[in-house]
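Structural characterization, general
This is what each chain is made of:
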4 protein chains.
Amino acid sequence: MARFEAALALAESRTGLVPAEHAQTIARVCERAEFDATALARAARTTGAIAIPFVQSLTAQVAAVSAEAARHVHFGATSQDVTDTAVALCLRSAGERLIGLATRAGDAAAQLAERHARTPLAARTLLQPALPVPFGWKAAVWLSALTRSRSRLPAALAQACTLQFGGAGGTLSAFGARGDAVAEALAGELDLPRPALPWHSARDAFARLGAEIAIVAGAVGKIGRDVSLLMQAEVGEAAEPAAAGRGGSSSLPHKRNPVGSLLALEAAQRAPGLAATLLVQLAPEHERGLGQWQSQWFTLRELLCSAASGAAAMAEVLEGLEVDAAAMRRNLERTRGLVYSEAVAVRLSRTLGKAAAHQLIEKLCARAQREGITLLEALRADPEAARAIPAPELPALFDAENAFGSAGAMIARALAEWRAVRES
Amino acid sequence: MARFEAALALAESRTGLVPAEHAQTIARVCERAEFDATALARAARTTGAIAIPFVQSLTAQVAAVSAEAARHVHFGATSQDVTDTAVALCLRSAGERLIGLATRAGDAAAQLAERHARTPLAARTLLQPALPVPFGWKAAVWLSALTRSRSRLPAALAQACTLQFGGAGGTLSAFGARGDAVAEALAGELDLPRPALPWHSARDAFARLGAEIAIVAGAVGKIGRDVSLLMQAEVGEAAEPAAAGRGGSSSLPHKRNPVGSLLALEAAQRAPGLAATLLVQLAPEHERGLGQWQSQWFTLRELLCSAASGAAAMAEVLEGLEVDAAAMRRNLERTRGLVYSEAVAVRLSRTLGKAAAHQLIEKLCARAQREGITLLEALRADPEAARAIPAPELPALFDAENAFGSAGAMIARALAEWRAVRES
Amino acid sequence: MARFEAALALAESRTGLVPAEHAQTIARVCERAEFDATALARAARTTGAIAIPFVQSLTAQVAAVSAEAARHVHFGATSQDVTDTAVALCLRSAGERLIGLATRAGDAAAQLAERHARTPLAARTLLQPALPVPFGWKAAVWLSALTRSRSRLPAALAQACTLQFGGAGGTLSAFGARGDAVAEALAGELDLPRPALPWHSARDAFARLGAEIAIVAGAVGKIGRDVSLLMQAEVGEAAEPAAAGRGGSSSLPHKRNPVGSLLALEAAQRAPGLAATLLVQLAPEHERGLGQWQSQWFTLRELLCSAASGAAAMAEVLEGLEVDAAAMRRNLERTRGLVYSEAVAVRLSRTLGKAAAHQLIEKLCARAQREGITLLEALRADPEAARAIPAPELPALFDAENAFGSAGAMIARALAEWRAVRES
Amino acid sequence: MARFEAALALAESRTGLVPAEHAQTIARVCERAEFDATALARAARTTGAIAIPFVQSLTAQVAAVSAEAARHVHFGATSQDVTDTAVALCLRSAGERLIGLATRAGDAAAQLAERHARTPLAARTLLQPALPVPFGWKAAVWLSALTRSRSRLPAALAQACTLQFGGAGGTLSAFGARGDAVAEALAGELDLPRPALPWHSARDAFARLGAEIAIVAGAVGKIGRDVSLLMQAEVGEAAEPAAAGRGGSSSLPHKRNPVGSLLALEAAQRAPGLAATLLVQLAPEHERGLGQWQSQWFTLRELLCSAASGAAAMAEVLEGLEVDAAAMRRNLERTRGLVYSEAVAVRLSRTLGKAAAHQLIEKLCARAQREGITLLEALRADPEAARAIPAPELPALFDAENAFGSAGAMIARALAEWRAVRES
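Remember, it's a predicted structure, so these values are computed and weren't measured experimentally. The written sequence of each chain sets the order in which its residues are numbered from 1. Think of it this way: whatever chain is written first is A, whatever ligand is written first is 1, and the rest follow in order. Local features in this predicted model are restricted to residues of pLDDT 70 or higher, and side-chain atom pairs are both shown and tallied only at a pLDDT of 80 or more, whereas totals for entire chains, interfaces and linings draw on every residue. As a convention, hydrogens and water are excluded, and side-chain values are obtained from all of the structure's heavy atoms.

**Overview of the overall build of chain A**
Only runs of H or I of at least four residues qualify as helices and only runs of E of at least two qualify as strands under DSSP, and these elements are numbered from the N terminus. Scanning chain A for helices and strands turns up 18 helices and four strands. The atom set for the radius of gyration is the C-alpha atoms, and the globule formula is 2.2 Å times the number of residues raised to the power 0.38. Rg of the C-alpha trace for chain A: 30 Å, well past the compact-globule value of 22 Å for 424 residues, more than 25% over. A 1.4 Å probe rolled over the protein chains alone gives each residue an accessible area, and that area as a share of the maximum for its type sets the label: buried under 20%, exposed over 50%, partly exposed in between. Taking all 424 residues of chain A together, the buried fraction comes to 66%. Side-chain charges of chain A comprise 44 positive and 42 negative groups, with the mean position of each set lying 5 Å from the other. Under the counting rule used here, the positive set is Lys and Arg, the negative set is Asp and Glu, and His together with the chain ends is not counted. Just so you know, the charge point we use is NZ for Lys, CZ for Arg, CG for Asp and CD for Glu.

Following this line, the structure appears as structure tokens:
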């Protein structure tokens, strides 16, 4: 807020509205000004706008240096100009940090996608094993959401971080013909884009940014969901990086908890309600509404902290993820070959035609499940099936890598998209 | 959190698990213990639970007094026991304050309902004047929502503020057969009810309380909505209490803003998204979930502060509301008697039968609107209408109080319900 | 809506406002009246209220029987009276069905709690095995949330299902002194409670009910979460009931999907946003707002269908749940005894004092994990530990039932509370 | 869904996987296939996916024509492929209609901005008159939000409407090396972009689109908010277009309700909760989640219908908006010149210096308010003020157009941005 008032004085000096000397004084005081946050908050309850006691306090601090300069503080601006522009300034740097964290998470996911392009694990649909896919492909799916966020978030951030400057009614009425020049200079001082007109009552850019932030939280929450499921003792296919004190329990010495995943899932659960608040606040009354801009900084603060917490946690987890390829294979084998049922069915149909093949594979799966034998055993024990597929062809059907389909090409495309976004 | 640990030590001492002397030491240290919030928050990112560094710090502070006593800190409890019970303790006192504020708002609404039981103003439906109602009846409608909140909020609060105590798995396993006795003693120490079993993974009481708090925010937001509309310069029927500096503007010296209404509407817009977050967090994984209890205190804190801010603001507004009965009458008259169309129609139908009466009143209203005359003038200018209603009866039809219907009885009932809830 | 109009005519006849004969005619036509839903919806876009074309169509249908009777249709009521009361009537029967489904789910959970009061499985905190608890205790936790819903939902439903009747402005102005009598008679006809005054602009009872419905969705969603996790192939401790075609896959013949859990989790994810919509709509303008009551029936319909879908699915799942006690034991054993670390630590401390015991158990757990041996083996291999606990005592420490703590009492209390609510 | 299956068969025929003849048969049957929606819905409760009974029914319908062809139906696809792609196809056309409605609303707002570029009305901040602004500038603020939506919505729609095609595990495993070719052909058949990899578990594009739709609802809700406030009888500065039956009341013949604004505000209140649901569903389990994709079409349907309802209503309202420039001037005058306080203060400061000017204007405003005189009268009655401003300069200070500041340039920029987006 002080940065806004400093820049305003300088901009008004540059357009001849405030003597340079006074503008310099204001700017200097703004740099070192101190505010009693509790007192401001208390006063804001009577004034309805924190900017009013803020400007009073600042003016008093300037007046202590120069009574003349003090008369020029905040000239032509309105409370909401200060508050909203201050939010934009805070958002810009907080948003950049979030982009950085999401980029780290994406880079780590990209590395996993590349490194594990041929490491098989069971795809799980509705939490049941389906068929083998590369773990790198799973990481590429995580990456794909981060790629879209990495592309959209900076744009949404840029659109939300623009100058708010309209004065009492929104038309820069106090400046006569010079309003646009002041606005231009002010935008320059703060290095913020100047929109076509003020957005006091058009809060969509904040709502759009809020949704993007919640989507980042969701993207890392999704990774946390999967990592915490893979880290279950009964699954054991991946683990968050180990470190002293990390994931311990206050009562159980043997535990190792997925604390990064926890933080990401926390964010994914908390962000949507906050983003919804911003969506609810799109229809303020006339030129300045009751109850939207006055508190959107609370909401945006919680939203950004929440998403940044989740993104930081998952960046760290992915960078140090312990992948247990042997456990992945073991779990595939524990399905007794049933995860290869699709491959067998496709091969059977080449010999028997689709109808007969389909009936046969259902019979074989049912038998394997009923008798607790493997699908391969069921296949060998069935004369029709044994005839249909020459024995030397059998191992290939039960080879995980042969079931990867287009996974390799998909990974390559996902990586290319990530790199393109990274470098843009 | 320190209160929990103190009470736990004392409860364990009372059940013979911890020597009385050590329990006393722990309790004494808890009273004066100091914590480095930033350090706890930082450590919580590695441990996934703020309770872990908290207990470590507390244990160190106890150990500085007695190494023996330190060994008994937190015995048998789990991180979530401390966190959730601490939230319950905070909720209890914050909730009581919110109840107090809602009660103040209700008392003020009740006073207005009583005082203005015969002060006519236009009912407005879809923001258009409908017909005269007493302002006191309008206040009674405000009161009716507060009455239901005043009845439900304490119950929801009581249900949410219960002991959380289950130990590592939730079954008080560390205590063998003595778990229930410890729990009972602990509940007694903290003066919190003991539930049938722990609610680590059953967060419905928080969600229910969250919704009740959002409903309070809505109830005061509704009043803020109406007051801010009545306070529009063009309406001018009511105004928030005046006070030095209250509702001023940073750029316009003539303004008087509805700042209390603003705060109430702010709460009504912010609370629902926060309450929704708690509703989203009802399905945690197994015995302790990832991402719910770890942050519900943030959400509940924002929610309570938001509703309390709105309730405090509207209590103050209603207690000092400036009601301009003359302006209310003036605005009724500015409708040129059209707000009495229903009364005229009912009277016409006694003479003409309903069908003819209905056609006639539509014609009269249309004429009044077209020609800019009053409904009374249109009525007198229409031979059929003039014949249908004897002239001496006309004034009564255009008397606001005659249009009040059952308003009086309704106000009485609303007041009675408020008093019953107040005294229960 | 037709039921409302029929009841209104009858009530007005009973209070002498409408000739009995005409009221009977209206009531008879209402019973068989037919409406063109598409035409009503289209007309509602111009009128802003579906009740207007509805009343027009009904009036025409009555007029086809008796022009005289037609004149009395809807007398003294307003659009919102019809719409809101119709919603209340629909809610009442839909709500009863939801209560019935939640009761079925609760009964089934209670049975599981009783039947499996001593069936051990691993409690899982943050998705990691903690220590043994009875599966019946886990079911009792599920039950506890349903118990609170079963207690609160009927109350919230009753509070939401009340007569809406205020006429044009809300004060029953068309009826002069007879408004209360008509309202009383109307409430009697519809068997709905009559509130102190209308709630056109006080929508908190719908918001409260919406939250309760979302909480039911969450309570069954929680069960679905746990069942789907227990049903993972790698865990295999419980399974949804098998039935022909149930949970199959369109491409994988071997799959068996947790479809009931899916439906419950769907409800738990969809209900909060809908409930939030009702919380957002608590501050309508003046005596009749823009955009709340006009669509809350959409929101309530989606909400009820969603929760009922989830509750029905989980009732069916719990009634036929396949519990694999052997698998539960196997998974406990797969932790190599580490789930007994708390029990061992407590026993060690009796001999060694707490400080030494704690150090020792940490050492033993670390060794077991490092060397891939069981905790018992680590214990026996450690001279200090072996000395501290006499060999004959060891088996009891590694007996799941000895770790149950207060679980039995907790289950008993949860069952008692359920029964009390069931019978109230 | 049938379009997907037809296109799949044709794509598989083009890649040599299905004989052309059979693919043609399938495609032909798909064009005329009929489905029993109730039966599908019922069956979906057992299968957990509506696609399963759908494919069964379609296969039966194909088999009635050719048993051979029937064997190729749905080959290699999974349930979610059908459902998600079908949603994408529906979204595309529904989304185009929404874009069209938003464009109509924007065009109408642009016309108002142009036509009323010099029509003064009071800017209202916190619902209190501030100072004169052009009504066209107010319309330009409305337009600015629509401009951003018109720019972002098509992009979000395009990103959400992409092919979903991954087969059982997501890797197109059934097609061996030919998966990409089939996917490419299928995308071509449906004219949908093919993403890098399937998005079964990466639902961010739906969430992003949902937020954009809610933002459109908010943008039109904002206009509805302002129009309904301007249309208040006490304000009377604008009115929704009149039409037979439009905005009538079931009980009050004189009423004219803002029904278009109502529908827009309804959308603005309902959309956020629905958009939040999609934000909540970003973290599904592994390769196919429980409860997200199975119902997102309900949510998206409600969301689109809601926003389209609001946008259509406001397009109609803006196209026929009745603007009462005389009433706008009258209301400005009713403030007794206080809306010119800023202009007077700025002029005074040129003569007196800012400090003295500020004190003086506060004194004058207070006096005008206290004595019920105009600011001009107060000014003339004050010797110091009268001296400070030469009498001939006074009228210009109380001329609304002189207070417009940069409004003209702002309007021009807003129009230029709209046209640029329109033509892109």
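**Regarding the pattern of salt bridges**
In what follows, salt bridge is the name for a side-chain nitrogen of Lys or Arg lying within 4 Å of a carboxyl oxygen of Asp or Glu. In the structure shown here, the tally under the stated rule is 116 salt bridges over all chains. The shortest N-O distance in the salt bridge between Arg203(B) and Asp84(B) comes to 2.7 Å. Of this pair, Arg203(B) sits in the loop between helix H8 (179-190) and helix H9 (204-230) while Asp84(B) sits in helix H6 (residues 79-115), and the two are 119 residues apart along the sequence. Asp84(B) gets classed as buried once you look at its relative accessible area, which sits at 1%. When salt bridges that share partners are traced, they join Glu266(A), Arg270(A), Arg301(A), Glu302(A), Glu266(B), Arg270(B), Arg301(B) and Glu302(B) into one network.

**Some remarks on the interface of chain D and chain A**
Chain D puts 84 residues into the contact, and the matching count from chain A is 85 residues. By buried area we mean how much accessible surface two parts lose on assembly, using a 1.4 Å probe and totalling the loss over both. Overall, the association of chain D and chain A removes approximately 7300 Å² of surface from exposure, summing both partners, and the carbon and sulfur fraction of that is 63%. Connecting chain D to chain A are eight salt bridges. Among the ionic pairs, Arg208(D) bridges to Glu212(A), the shortest N-O distance being 2.6 Å. Residues are treated as being in contact if the distance between any of their heavy atoms lies within 4.5 Å.

**Things to note about the relation of the copies chain D and chain A**
Between the two copies of the chain lies a rotation about an axis combined with a shift along it. Residues reaching a pLDDT of at least 70 in both copies supply the C-alpha atoms on which the copies are superposed by least squares. The transform that puts chain D on chain A rotates by 180° and translates by 0.0 Å along the axis, for an RMSD of 0.1 Å. Within this description, the copies of the chain are treated as partners about a two-fold rotation axis. Within chain D, Ala276(D) has its C-alpha nearest the rotation axis, a separation of 2.8 Å. Both copies contact each other with a shared surface, as 100% of the interface residues of chain D are interface residues in chain A too.

**Looking at the packing of aromatic side chains**
Ring pairs shown here join Phe, Tyr and Trp side chains whose ring centres sit within 6.5 Å, with only the six-membered ring taken for Trp; geometry is labelled stacked below 30 degrees between planes, edge-to-face above 60, and tilted in between. With the rule as written, the count across this model stands at 32 aromatic pairs over all chains. Centre to centre, the rings of Phe165(D) and Phe175(D) are 5.7 Å apart; their planes meet at 45°, and the pair counts as tilted. Of this pair, Phe165(D) sits in the loop between helix H7 (135-160) and helix H8 (179-190) while Phe175(D) sits in the loop between H7 and H8, and the two are ten residues apart along the sequence. Residue Phe165(D) shares its accessibility class with Phe175(D), and that shared class is buried. In this structure an aromatic cluster arises from ring pairing among Phe4(A), Phe75(A), Phe165(A) and Phe175(A).

**What to know about the interface of chain B and chain A**
Each partner contributes to the interface: chain B provides 47 residues, whereas chain A provides 47 residues. There are four salt bridges connecting chain B and chain A. The residue Arg225(B) makes a salt bridge to Glu285(A) at a minimum N-O spacing of 3.1 Å. Whenever two N or O atoms come within 3.5 Å, that pair is a polar contact, provided that in protein one can donate a hydrogen and the other can accept it, and provided that, for residues adjacent in sequence, both atoms are side-chain atoms. At the boundary of chain B with chain A, the tally comes to ten residue pairs in polar contact (both at pLDDT 80 or more). It is helix H10 (residues 259-280) of chain B that contributes the most residues to the side of chain B that touches chain A, twelve residues altogether. Ten residue types, Ala, Val, Leu, Ile, Met, Phe, Trp, Tyr, Cys and Pro, are classed as nonpolar, four, Asp, Glu, Lys and Arg, as charged, and the remainder, Gly among them, as polar. Classifying every residue of the side of chain B that touches chain A gives 15 nonpolar, 24 polar and eight charged.

**Digging into the pairing of strand S1 (residues 120-125) of chain D**
Of all the six residues making up S1(D), six are buried; the element is thus mostly covered by neighbouring parts of the structure. One bridge is not enough; two strands pair if DSSP finds at least two bridges between them. Between the antiparallel neighbours S1(D) and strand S2 (residues 128-134) of chain D lie two residues, among them Leu126(D) with a positive phi of about 50°.

**Some points on the nonpolar core**
Burial of nonpolar side chains together is a common tendency in soluble globular proteins. Side-chain atoms within 4.5 Å are what join buried Ala, Val, Leu, Ile, Met, Phe, Trp, Tyr and Cys residues into a set we call a nonpolar core. In terms of nonpolar packing, the biggest core is built from 490 residues, with Phe165(A), Phe165(B), Phe165(C) and Phe165(D) touching the most fellow members. Ignoring sequence-local partners within four residues, the contact set of Phe165(D) consists of Phe4(D), Leu8(D), Ala77(D), Asp81(D), Leu172(D), Phe175(D), Val182(D), Ala183(D), Leu186(D) and Pro198(D).

**Some points on the relation of the copies chain B and chain A**
Note on the identical chains: chain B maps onto chain A by a rotation of 180° and an axial translation of 0.0 Å, with an RMSD of 0.1 Å. In this assembly, 100% of the residues forming the interface of chain B have copies in chain A that are likewise at the interface, indicating an isologous arrangement.

**Brief notes about the domain arrangement of chain A**
All names here are of chain A. Under the domain assignment used here, chain A contains domain 1 (1-75 + 163-198), domain 2 (81-162 + 200-323) and domain 3 (338-397). On the domain 2 side, the residues contacting the 24 residues of domain 1 number 17 residues. Between domain 1 and domain 2, the buried area comes to about 1600 Å², and carbon and sulfur atoms account for 62% of it. If you look at where domain 1 meets domain 2, you find zero salt bridges. Ranked by residue count, the leading element in the side of domain 1 that touches domain 2 is helix H1 (residues 2-14), at three residues. Looking at the side of domain 1 that touches domain 2 residue by residue, the class counts come to 14 nonpolar, seven polar and three charged. Either an automatic procedure or a domain database provided the assignment from which the domain bounds are taken.

**Some thoughts on the side chain of Thr83(A)**
Residues and elements named next belong to chain A. Positionally, Thr83 belongs in helix H6 (residues 79-115). We classify Thr83 as buried; its relative accessible area is 5%. When residues no more than four places from it in sequence are discounted, the contact partners of Thr83 are Ala51, Trp293 and Trp297.

**Quick word on the environment of Cys365(D)**
Here Cys365(D) lies in helix H14 (residues 354-371). On the accessibility criterion, Cys365(D) (1% relative accessible area) is buried. Taking the C-alpha atoms as reference points, Cys365(D) and Leu375(D), separated by ten residues in sequence, lie 6.4 Å from one another. Residues contacting Cys365(D), with those up to four places away along its chain left out, are Pro253(B), His254(B), Leu338(D), Ser341(D) and Leu375(D).

**Here we look at the environment of Leu229(A)**
Here Leu229(A) is to be found in helix H9 (residues 204-230). Leu229(A) sits in the buried class, given a relative accessible area of 3%. Distance from Leu229(A) to Leu127(A), taken between C-alpha atoms, is 9.4 Å for residues 102 residues apart in sequence. Look past the residues within four positions of Leu229(A) in its chain and what remains in contact with it is Leu127(A), Val235(A), Leu127(C), Leu229(C), Gln232(C), Glu285(D) and His286(D).

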